[in-house]
Amino acid sequence: MEDIAQVYKALSEEMRLRILMLLTHGELCVCDLMAVLEEPQSKVSRHLAYLKHSGLIQGKRVGTWMHYFVRETL
């Protein structure tokens, strides 16, 4: 039950919803999300960490950048 509550909490913030919708179109790096959302790296990264902790997205390092994508199985 706590997992379901965590997912709903993650989806309760507009920016996290926007990030999740952008990631449904494919893998994006933090710099891409910053450009689209017009927000600073610290704010975008904080919301990405929340989504990742909730189990909705995954990340992988590509060179110096982190790339994020929606998990295949939720």
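Here, the structure is the one placed above.
About the criteria used
- Chains are numbered independently. Their residues run from 1 in the order of the written sequence.
- Totals for whole chains, interfaces and linings use all residues, but because this is a predicted model, local features are given only for residues with pLDDT of at least 70 and pairs of side-chain atoms are given and counted only at 80 or more.
- Heavy atoms throughout the structure, all of them, feed into the side-chain values; hydrogens and water do not.
- Two strands form a pair only when DSSP identifies at least two bridges running between them.
- Counting from the N terminus, the helices are DSSP H or I runs at least four residues long and the strands are E runs at least two residues long.
- Cysteine sulfur pairs qualify as disulfides if the two atoms are within 2.5 Å.
- Exposure categories follow from relative accessible area, calculated using a 1.4 Å probe and restricted to protein chains: below 20% of the type maximum is buried, above 50% is exposed, and the middle band is partly exposed.
- Think of a salt bridge as a Lys or Arg side-chain nitrogen and an Asp or Glu carboxyl oxygen that are within 4 Å of each other.

S.K.: Tell me about the sheet that holds strand 3 (residues 65–70), and name the residues and values.
M.R.: Judged by pairing direction, the sheet is antiparallel, and its three strands sit side by side in the order 1-3-2 without closing on themselves. Where the open sheet ends on each side, the last strands, each with one partner, are strand 1 (28–29) and strand 2 (57–62). Bridge analysis of strand 2 against strand 3 gives six bridges, and the strand direction is antiparallel. Paired with I57 across the two strands is V70, which belongs to strand 3.

S.K.: Any details on the pairing of strand 3? Residues and values, ideally.
M.R.: Bridge count between strand 1 and strand 3: two bridges; the pairing is antiparallel. Pairing of L28 across the sheet is with Y68, part of strand 3. Count of turn residues in the strand 2/strand 3 antiparallel hairpin: two residues, of which G63 carries a positive phi of about 65°.

S.K.: Account for the state of the cysteines, with residues named and values stated.
M.R.: Considering all chains together, one arrives at one disulfide under this definition. In this model C29 forms its disulfide with C31; the gap between the sulfur atoms is 2.4 Å. Looking down the S-S bond of the C29 and C31 bridge, the torsion is -55°, so its handedness is left-handed. With a relative accessible area of 26%, C31 lands in the partly exposed category.

S.K.: Tell me about the pattern of salt bridges, residues and numbers included.
M.R.: Using the criterion set out here, one finds two salt bridges in the structure. K60 is the partner of E27 in a salt bridge, and the nearest nitrogen-oxygen pair spans 3.4 Å. In this pair, E27 is assigned in the loop between helix 2 (14–23) and strand 1 and K60 in strand 2, connecting sequence segments 33 residues apart. A relative accessible area of 35% means that E27 is categorised as partly exposed.

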